[in-house]
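Chain by chain, the residues:
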Amino acid sequence: MRSILSGSTASFRLIKIAVSIFICASINEIAAQSPSNYDLAIVNTTLVSPERNEPQENVVVLIRDGRIVEIVPELSAYTASETLDGNNYFLIPGLIDSHVHLYHATGLKKRYTENFDALYSAYLEQMPKSYLYHGFTTVIETNADTESNETFLKAEIRPDLVHCGSGLVLSDGYMASEIPPGKLLEYAPNFLYDKYRNGYLPEGVSQNEHFPKSTVANIAATGASCIKMYYEEAIWMPGGAKHIALPSRELITDVVNEAHALGLVVIMHATSANGHKIAREAGVDILAHGPWDWVDNDYNNPTIPDFIAQNLKDTANAKIHIQPTVRSIQHTASMFDYELLNRPELQDVLPNAFIDYLKTDAQVQREQFIEMFGSSIIEDPTAQSVGTGIFRMVARYKRMVGTLFEQGGNLVLGSDTSSGGFGWGNPPGLNGYWEMKDWAESGVPLDAIFSGATINNARAFGLQKTIGTIQIGKKANLLIVKSNPLLTIDAYEQIQTVIINGRVLARETLSAKFRMN
């Protein structure tokens, strides 16, 4: 009996060993395919994200296929192809600049240089990296040029691009005024016709093709996420702008309704109190720029007029999103900041030859600007007096931005990089950081700046499901910074690592200086 039992026991042991080997082999095979294997694990950071009440320590962020798939305690078991040690720094969401123009190069015009093509090419090559260098992992082109978008998207290293398609040019409005006579259909084939006030319509062109239903649908078909309109009174224009028409409130409302029906948001360029008022009434989603200009605007007077103060309050109460774009007017002021082009940080975002051009050929802009606009700013215009007036206007506008926030305004970060016109103060990436500093100097608190550059921007453009916070399922667009951005604005200048769609990039490799080393 004992020998039979012993034999049975031995057989059982052999079977058990065989089963164990089979199970282990199966587990190993499953593990090789298991979702517990990740592309990247980010360790040793403090997580700071705008949806969280406080920073979170001792977690690991796990990434697969460019997405955040798990956020687990530090001692959790996992396997990852790559581990990124955050050196006990801070992990924050990638930033969003929701107002850029990829086709402009700050301060570069053909009329100023014979070397335009080479300078422009070098600028375009560096520009995507410059945005990333300053932490902007998503940029939103609000007036898209198809060729410029395609060039940007071909860059191997670049931020994610969202765009609003080509801006809706009113047939007889501000943008159309820059088009050569008789060339409207050629330059703006998707122009907008205002039937409510018998706007301009070229002979032989169908009205129906230029009503909001058609024009908005055409923009949506280009893959746009938003629609841009313009309400520009051009009060600043010498002699006024009586020849420039403005869109009716009914037309703007029609555009908003058509856009919303297709799931698009509407952003409107408006720099006057009237523009802000009509945007609020028509249901526009986002206001680009503040009401910084008005009739008889005294640039040297620090007082904010009562009707402007009321307008700021009304905009804040409406809860409409607003991009203050302080950098739009700082762009003009840059011509009178004689040390700006010597700042070392420019060397990280602009090629050396481009900076040299700004220091030489581009300088002619200052005198041209004074000749055209100087008498509107000061009675006896000189470089010093005009510059002083512009700086005073900037200071007053910063106070307006602070007031807008205090009243409850919903601010979202857009830098207007690179705006056209006179100046050279909109370098890519760096301009967004300067916009954040302008907000801080305006009295906007650090947590609002952080939210304005991340989740609030994402929500304004309907992107909150994919970007804006550090959460499971969202894109792995992240930054490792040395300081907590809720405690110091300098955190945005202390970026150590940029992660774009799960790809890890050391910040120094994104600098314009890197290629020269």
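A brief look at the structure comes next.

1. A word on the overall build of the protein chain
Item 1. Along the protein chain, the regular secondary structure elements total 15 helices and 15 strands.
Item 2. In terms of its C-alpha atoms, the protein chain occupies a principal-axis envelope of roughly 120 × 55 × 45 Å.
Item 3. Burial status across the protein chain gives 53% buried among its 517 residues.
Item 4. In the protein chain, the proportion of contacts linking residues at least 24 apart, taken out of those at least 6 apart, comes to 70%.
Item 5. Mean positive and mean negative side-chain charge positions of the protein chain (41 and 57 charges, respectively) differ by 6 Å.

2. Concerning the side chain of Thr-215
Item 1. Here Thr-215 shows up in helix α5 (residues 212-220).
Item 2. Relative accessible area serves as the criterion here: at 0%, Thr-215 is assigned to the buried category.
Item 3. Among residues more than four places away in sequence, those in contact with Thr-215 are Leu-168, Asn-190, Phe-191, Leu-192, Glu-209 and His-210.

3. Quick notes on the pairing of strand β5 (residues 95-100)
Across a regular strand the side chains alternate sides, sitting on one face of the sheet and then on the other.
Item 1. With 6 of 6 residues buried, β5 lies mostly within the body of the structure.
Item 2. Where β5 and strand β6 (residues 136-141) come together, 4 bridges link them in parallel fashion. Along β6, the bridge assignment pairs Val-100 with Glu-141.
Item 3. In this view, the connection linking β5 to its parallel neighbour β6 by way of helix α2 (residues 116-133) has right-handed handedness.

4. A word on unusual backbone geometry
Negative phi characterises most residues that are not glycine, and trans characterises most peptide bonds.
Item 1. Cis geometry is found at the peptide bond from Thr-417 to Ser-418, where omega equals -15°.
Item 2. In this structure, Ser-418 sits in the loop between β12 (410-411) and α13 (430-442).
Item 3. Positive phi, close to 50°, is recorded for Ala-234, a residue that is not glycine.
Item 4. Tracing the chain through its elements places Ala-234 in the loop between β8 (226-231) and α6 (249-261).
Item 5. Residue class for Ala-234 comes out buried when judged on its relative accessible area of 0%.

5. What about the sheet that holds β8?
Item 1. What the 5 strands build is an open sheet, ordered β8-β9-β10-β11-β12; its pairing is parallel. If you trace the sheet from one side to the other, it starts and ends with β8 and β12, each paired once.

6. Observations regarding the nonpolar core
Item 1. Ile-227, Ile-252, Met-268, Phe-369 and Met-436 are the most contacted members of the largest nonpolar core, which has 106 residues in total.
Item 2. The contact partners of Met-268, leaving out residues within four places of it in the chain, are Met-229, Tyr-230, Tyr-231, Ile-252, Gly-275, Ile-278, Ala-279, Val-284, Ile-286, Leu-287 and Ala-288.
Item 3. Judged by nonpolar contacts, the second largest core, of 16 residues, contains Cys-164, Ile-286, Ala-458 and Ile-467.

7. A few points about the pattern of salt bridges
Item 1. As enumerated under the stated definition, the model contains 15 salt bridges in all.
Item 2. The salt bridge involving Lys-398 is made with Glu-441; its shortest N-O contact spans 2.5 Å. Taken together, the residues span a long stretch of sequence, with Lys-398 in helix α12 (residues 383-406) and Glu-441 in helix α13 at a distance of 43 residues.
Item 3. Of the charged contacts in the structure, one is a salt bridge between Arg-507 and Glu-493, with a shortest N-O distance of 3.4 Å. Residue Arg-507 is found in the segment after β15 (503-506), and its partner Glu-493 is found in the loop between β13 (478-481) and β14 (495-500); the two are separated by 14 residues along the sequence.
Item 4. By relative accessible area, Glu-493 is classed as partly exposed at 28%.
Item 5. Ionic contacts of the salt-bridge type, sharing partners, join the residues Arg-327, Lys-398, Asp-438 and Glu-441 into one network.

The rules behind these values
Residues numbered from 1 in each chain as written. Predicted model: local features only at pLDDT ≥ 70, side-chain atom pairs only at ≥ 80, totals over all residues. Heavy atoms only, no water. Helix = DSSP H or I, 4+ residues; strand = E, 2+ residues; numbered from the N terminus. Buried < 20%, exposed > 50% of the residue type's maximum accessible area, 1.4 Å probe, protein only. Contact = heavy atoms within 4.5 Å. Lys, Arg positive; Asp, Glu negative; His and termini not counted. Charge placed at Lys NZ, Arg CZ, Asp CG, Glu CD. Pairing = 2+ DSSP bridges. Right-handed = clockwise from strand over helix to strand, strands pointing away. Core = buried A, V, L, I, M, F, W, Y, C linked by side-chain atoms within 4.5 Å. Salt bridge = Lys/Arg side-chain N within 4 Å of Asp/Glu carboxyl O.

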